[in-house]
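# Understanding the architecture of this molecule
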Amino acid sequence: MKTQTIGCLIMLALLTVGCSSNNSEGNSEVNRTSENNGSEQAAHAEESNANNVFPLTGIKTSEDVDHRAIGIMIENSQSARPQSGLYQADVVYEVLSEGHITRLLSLFHSQQPERIGPVRSARNYYVHLNNGYDAIYASAGGSPGALELIAQQGYPHINALNYDGSFFTRWSERSAPHNMYTSYSQLVDAAADVGLTMTDREPPELPFSDETSHAEASEDALEVLIDYNSTSNNVLFDYDEQTKRYIRSVGGQRVDDLDTGEPVAPKNIFVVAASHQVIDDQGRRNINIESGGAAYLIQNGQAIEAEWKNVDGVILPFKDGEPLNFLPGQTWINFVEDIGDVSYHSAP
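Here is what the cut-offs are and how they apply
- Residues numbered from 1 in each chain as written.
- Predicted model: local features only at pLDDT ≥ 70, side-chain atom pairs only at ≥ 80, totals over all residues.
- Heavy atoms only, no water.
- Helix = DSSP H or I, 4+ residues; strand = E, 2+ residues; numbered from the N terminus.
- Buried < 20%, exposed > 50% of the residue type's maximum accessible area, 1.4 Å probe, protein only.
- pLDDT = per-residue confidence, 0-100.
- Contact = heavy atoms within 4.5 Å.
- Pairing = 2+ DSSP bridges.
- Axes fitted to C-alpha atoms, helices over the stretch in contact; angles between N-to-C directions.
- Salt bridge = Lys/Arg side-chain N within 4 Å of Asp/Glu carboxyl O.
- Core = buried A, V, L, I, M, F, W, Y, C linked by side-chain atoms within 4.5 Å.
- Polar contact = N/O pair within 3.5 Å; in protein donor to acceptor, adjacent residues only side chain to side chain.

### Things to note about the overall build of the protein chain
Per the secondary structure count, the protein chain includes 5 helices and 24 strands. Going through the 348 residues of the protein chain one by one, you find that 58% of them count as buried.

Rendered as structure tokens:
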């Protein structure tokens, strides 16, 4: 077992309720993982007509891409799992919020989920991470500091608490505050109501390549564990050789979409170490998302020891000062307090 962490450059630019979906279904895991990427595969199949590239996935498309991304806060406590819409996000930042629980800033641009949630509140560092993509930011309220930051800077924000019952709805099968949901189309309508435009604001382009970065310097990583010091919140990514994706589990349970049953299975895992500081009796934190540091870029069953940098607000991987590339597809970026919180294995 090796313990290590990950770090690339941007050029400006789950009704199946199987909470754990433990996969007594056997080979359905691979089948469903394959289905997970229908839109991606379709885009590749239409390559002859694909004149555009989605900037946050690197996937070719015949669709227009010059619209704004939307970043939305999604809860990740046990009461919130399984979530809806995560497998359709282009980029997901997973960062500790309070205690040992993470929260997910999920950026949507290339896909338009019919249900997203549960939606939760903002924190300062999520606001800053969202701004790196010039994205509209949606949350169910926020910490005092986050709301003050948004107001002072005039950041584009949709406060779900102002639209509870209209663009955001409560699911009766879960209790508040773990039951607020929305959809991509409702977010677009809410943005219009706030006076925000979705057009002509394409997000910056992430760096992509069809080949693994620095493969000669990588080590096998078929199983990746991210330790958040909690058996119910620790993250495991298992590499699927057929789809070349990492199937995500949290607290020992595979993360399948609440509504569709599709697994969350990113193509890229980028783990970055940053200093964390608890700042109040609620356990809220300040997290240094600016200074860079040790990281691991994990893709194609291999881990690359790297560094991360904040480039114009976007967290990107580097190796020996040179930018690394992501593989086309979903990217999952995990913040940890120490690089030693990440371990990977050559076999499960």
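### What about the confidence of the model for the protein chain?
Predicted confidence across the protein chain gives a mean pLDDT of 88, with 85% of residues reaching 70 or more. Counting interchain partners and residues more than four positions distant, the pLDDT-below-50 stretch residues 1–36 has 146 contacts. Across residues 41–45, where pLDDT falls below 50, the model places 5 contacts with residues more than four positions away in sequence or in other chains.

### Examining unusual backbone geometry
The omega torsion of the bond from Gly 117 to Pro 118 falls at 5°, within 30 degrees of zero and hence cis. The step from Ala 176 to Pro 177 runs through a cis peptide bond, and the omega angle for that step is 5°. As for its position among the elements, Pro 177 is in the loop between strand S9 (169–170) and strand S10 (180–181). You will see that Asn 229, though not glycine, has its phi angle at about 60°, which is positive. Even without being glycine, Asn 300 reaches a positive phi, approximately 55°.

### Some details on the pairing of strand S19 (residues 293–299)
Counted residue by residue, S19 has 5 buried out of 7 residues, so it is predominantly covered. Relative to S19, strand S16 (residues 268–273) is paired through 4 bridges, and the arrangement is antiparallel. Counted as the bridge partner of Val 271 is Tyr 296 from S19. Where S19 and strand S20 (residues 302–311) come together, 7 bridges link them in antiparallel fashion. Residue pairing across strands places Leu 297 opposite Ile 304, the latter belonging to S20. In this structure, the hairpin formed by S19 and S20 is closed by a connection of 2 residues, where Asn 300 is found at a positive phi of approximately 55°.

### As for the pairing of S20
Note that strand S11 (residues 219–220) and S20 share 2 bridges and pair antiparallel. Looking across to S20, one finds that Glu 219 is bridged to Ala 303. What sits between S20 and strand S21 (residues 314–319) in their antiparallel hairpin is a turn of 2 residues, with Asp 312 showing a positive phi close to 55°.

### Re the packing of helix H3 (residues 124–131) against helix H4 (residues 144–153)
Contact geometry for H3 and H4: axes closest at 8 Å, N-to-C directions at 35°. On H4, the residues touching Asn 124, Val 127 and His 128 of H3 are Gly 145, Ala 146, Leu 149 and Ile 150.

### Regarding the environment of Tyr 93
On the secondary structure map, Tyr 93 appears in strand S5 (residues 91–96). Tyr 93 gets classed as buried once you look at its relative accessible area, which sits at 0%. The spacing of Tyr 93 and Phe 335 is 242 residues in sequence and 7.6 Å in space, taken between C-alpha atoms. Setting aside anything within four residues of it in sequence, one finds Tyr 93 in contact with Arg 103, Leu 104, Leu 105, Leu 107, Leu 129, Tyr 133, Val 314, Ile 315, Ile 333 and Phe 335.

### Thoughts on the pattern of salt bridges
The full count for this structure, using the stated rule, is 8 salt bridges. Arg 201 is the partner of Asp 134 in a salt bridge, and the nearest nitrogen-oxygen pair spans 2.9 Å. Note that Asp 134 is positioned in the loop between H3 and strand S7 (136–139) and Arg 201 in the loop between helix H5 (184–194) and S11, a separation of 67 residues in sequence. By relative accessible area, Asp 134 is classed as partly exposed at 28%. Across the salt bridge formed by Arg 170 and Asp 164, the nearest N and O atoms sit 3.1 Å from each other. Classification of Asp 164 as partly exposed rests on a relative accessible area of 39%. When salt bridges with common partners are traced through the structure, they connect Arg 68, Asp 134 and Arg 201 into a single cluster.

### Structural notes on the nonpolar core
One finds Phe 168 and Val 224 to be the most contacted residues of the largest nonpolar core, which totals 48 residues. For this core, the element with the highest residue contribution is H5, accounting for 4 residues. Discounting chain neighbours no more than four positions away, the residues touching Val 224 are Val 235, Leu 236, Phe 237, Tyr 246, Ile 298, Val 342, Ser 343 and Tyr 344. Formed by 39 residues, the second largest nonpolar core is a distinct cluster that contains Tyr 93, Tyr 126, Leu 129 and Leu 316.

### With respect to the side chain of Asn 233
On the secondary structure map, Asn 233 appears in the loop between strand S12 (223–226) and strand S13 (235–240). By relative accessible area, Asn 233 is classed as buried at 5%. There is a polar contact of 2.6 Å between the side chain of Asn 233 and the side chain of Arg 81. Only 3.4 Å separates the side chain of Asn 233 from the side chain of Ser 232, close enough to count as a polar contact.

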